[in-house]
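For reference, the chains in residue letters:
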Amino acid sequence: MKSKVQKKGMNVILAVSMLGMASGSYIPIAYAESNTTAVQENLESNTLANLEIDGIKLDQTFTAEVKEYSATVGNDVKDIHLQVESSNPESTILINGQSVTSGTTGTYSLQTGKNSFLITVSDGSHTANTYTLTITRKQNANNLLQNIKLSTGELSPIFSATKTEYTVLVTNDADAIKITPTTIEKTATIKINNTLAKGEDVSVKLPVGKSDIIIVVTAENGEEKTYILHVIRAEVKASKANISSQKNRTNSFQQSAVQQNSGTVQKTSKATLSSLTVSEGTWDSSFTPNEFTYHVAVSSDVKTVTINPTASYSASTIMIEGGTSKTIQLEDNNKTIISVVVTYDDGDHKTYVLVFDKKE
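Reading the values: the criteria
Residues numbered from 1 in each chain as written. Predicted model: local features only at pLDDT ≥ 70, side-chain atom pairs only at ≥ 80, totals over all residues. Heavy atoms only, no water. Helix = DSSP H or I, 4+ residues; strand = E, 2+ residues; numbered from the N terminus. Buried < 20%, exposed > 50% of the residue type's maximum accessible area, 1.4 Å probe, protein only. Areas by Shrake-Rupley, 256 points an atom, 1.4 Å probe, with all protein chains shown as cover. Core = buried A, V, L, I, M, F, W, Y, C linked by side-chain atoms within 4.5 Å. Contact = heavy atoms within 4.5 Å. Pairing = 2+ DSSP bridges. Salt bridge = Lys/Arg side-chain N within 4 Å of Asp/Glu carboxyl O. Polar contact = N/O pair within 3.5 Å; in protein donor to acceptor, adjacent residues only side chain to side chain. Axes fitted to C-alpha atoms, helices over the stretch in contact; angles between N-to-C directions. Phe/Tyr/Trp six-rings, centres within 6.5 Å; stacked < 30°, edge-to-face > 60°.

So, about the overall build of the chain. A tally of regular secondary structure across the chain gives three helices and 25 strands. Within the span of the chain, comprising 360 residues, buried residues form 31% of the whole. Carbon together with sulfur atoms contributes 51% to the accessible area of the chain, which is approximately 22200 Å² in total.

As structure tokens, then:
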């Protein structure tokens, strides 16, 4: 009974085969199944099995069917470590036209803005597949200055990138000042009083008295920071030393005229010092009673100095910075100006000026 059934089954197959031959389109069943499997394998041969960047998350989970990916990184990320792997060992991989080894990690530099990577997978026989990876590197946000150099005068307080306001004292003969600011990041730009500074100094005219110089630093991403210099240009008679000098010249002229007209003897000022010493520092010149301005160089770690003035006449009074204390606190910046005023009992007075310069 079993053999009959088998014989009947063979007859059915034979009949179907003959029918296919009669129509001229006979295709063996086994061959059709094998060809379908091969087509499916070929479709998958030029795809990626993996695409990842060390430490950076893609906008979506990788799958071989999705061909476009992106990611955003901070400005401090200057390169990425990219790994790609093919599904077919026979395929080759090109990244922006350069051949890479499947499964290995390559390092690629990033420019500010968008960076495109075209990843092509091909085995040379079938249609290639191209994946697009776009990495956006954010623009730099640093809008700080590294330094501000001046052709005359000094910043007060000492420059710091985070301090945005300074005072600058200049003499009357300084009718202009050249300013050279530098940025921490080269991608930032600078404008001084709305004039673009292109790595060179910018000259600004100075009126007598107070004026402001505005320095605007713009980061690559457009964020701005403003530094302000409050410049004070001295008037002709601004300093006590100048006033005293002019008064001396006036007195001398008047006394000379009196002497010529009446034959009297010229009056000599008694509002002077016979000596002046300090506890710290090196003087730019030796003290003399008729010289009224001195520079004294001191170490940067000196916090206080003691000033010892001696009047030429005992009837004189001496005031140091408006008081009687001889110990003076020095400023934190590079320059401290101290006045020593000598007044004789007839009202005549003279002002000595000590400028303490701290060594850097």
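This next bit is on the nonpolar core. Membership of the largest hydrophobic core comes to 24 residues, with the highest contact counts inside it found for Ile-148, Ile-179, Ile-192, Ile-213, Ile-215 and Leu-229. Put simply, the parts of the chain that give this core at least two residues each are strand S9 (145-150), strand S11 (165-170), strand S12 (176-183), strand S13 (189-192), strand S15 (202-205), strand S16 (209-218) and strand S17 (224-233). Not counting the four nearest positions on each side in its chain, Ile-192 is found in contact with Ile-179, Pro-181, Ala-197, Val-202, Val-204, Ile-213, Ile-214 and Ile-215. The next biggest cluster of nonpolar side chains, apart from the first, holds 23 residues, and it includes Ala-71, Val-84, Phe-117 and Val-121.

Take the sheet that holds strand S20 (residues 293-298) next. Taking strand neighbours across the sheet as the criterion, the five strands line up as S19-S20-S25-S24-S22 in an open arrangement whose pairing is mixed. Edge positions in the open sheet fall to strand S19 (282-283) and strand S22 (317-320), since each of these has one partner strand only. Here two bridges tie S19 to S20, and the two strands are oriented antiparallel to one another. Looking at S20, one finds that Thr-282 is bridged to Ala-297.

For the structure on display, the rule yields one salt bridge. Note that Lys-350 and Asp-348 form a salt bridge whose closest N and O atoms lie 3.4 Å from each other.

Right, let's talk about the side chain of Asn-46 for a bit. With respect to the helices and strands, the residue Asn-46 is situated in the loop between helix H2 (29-44) and strand S1 (48-53). What makes Asn-46 buried here is its relative accessible area of 0%. Of note is the side chain of Asn-46, whose polar atom sits 3.5 Å from the backbone oxygen of His-126.

Structurally, Thr-336 can be placed in strand S24 (residues 335-343). Side-chain polar atoms of Thr-336 contact the backbone nitrogen of Glu-331, separated by 2.8 Å.

This part is about the environment of Ile-318. Mapping Ile-318 onto the fold places it in strand S22. For Ile-318 and Leu-273, which are 45 residues apart along the polypeptide, the C-alpha to C-alpha distance reads 9.2 Å.

Right, let's get into unusual backbone geometry. Going from Ser-156 to Pro-157, the amide bond is cis rather than trans, its omega being 5 degrees. Phi is positive for Asn-194, close to 70 degrees, though the residue is something other than glycine. Note on placement: Asn-194 falls in the loop between S13 and strand S14 (195-197). Overall, the relative accessible area of 65% leaves Asn-194 in the exposed class.

Right, let's get into the sheet that holds strand S7 (residues 113-122). Spatially, S2-S8-S7-S4-S5 is the arrangement adopted by the five strands of the open sheet, whose pairing is mixed. Each edge of the open sheet is held by one strand with a lone partner, namely strand S2 (68-73) and strand S5 (98-100). Each strand of the sheet is rotated relative to its neighbour by a mean of 25 degrees, with strand direction disregarded. The pairing of S7 with strand S8 (residues 129-137) spans nine bridges and is classified as antiparallel. Paired with Phe-117 across the bridge in S8 is Leu-133.

This part takes up the environment of Ser-125. Looking at the secondary structure, you find Ser-125 in the loop between S7 and S8. Given the relative accessible area of 59%, Ser-125 is considered exposed. C-alpha separation for the pair Ser-125 and Ser-45, spaced 80 residues apart in sequence, amounts to 9.9 Å.

Turning our attention to the environment of Thr-132. Mapped onto the elements of the fold, Thr-132 is located in strand S8. Sequence-wise, Thr-132 and Asn-96 are 36 residues apart; in three dimensions their C-alpha atoms are separated by 9.9 Å. Apart from the residues lying within four places of it in its own chain, the contact partners of Thr-132 are Lys-67, Glu-68, Tyr-69, Phe-117 and Leu-118.

Here we take up the packing of aromatic side chains. Under the counting rule described, the total for this entry stands at 10 aromatic pairs. Taking 5.5 Å as the distance between ring centres and 35 degrees as the angle between the ring planes, the aromatic pair formed by Phe-62 and Tyr-69 counts as tilted. Among the residues examined, Tyr-69 registers a relative accessible area of 3% and is labelled buried. When the ring of Phe-159 is compared with that of Tyr-166, the centres are 5.9 Å apart and the planes differ by 20 degrees; the resulting orientation is stacked.

On to the pairing of S7, then. Pairing of strand S4 (residues 92-95) with S7, which is carried by four bridges, proceeds in the antiparallel orientation. Bridged to Thr-92 within S7 is Ser-122. Linking S7 to S8, which pair antiparallel, is a turn of six residues; within it Gly-124 sits at a positive phi near 85 degrees.

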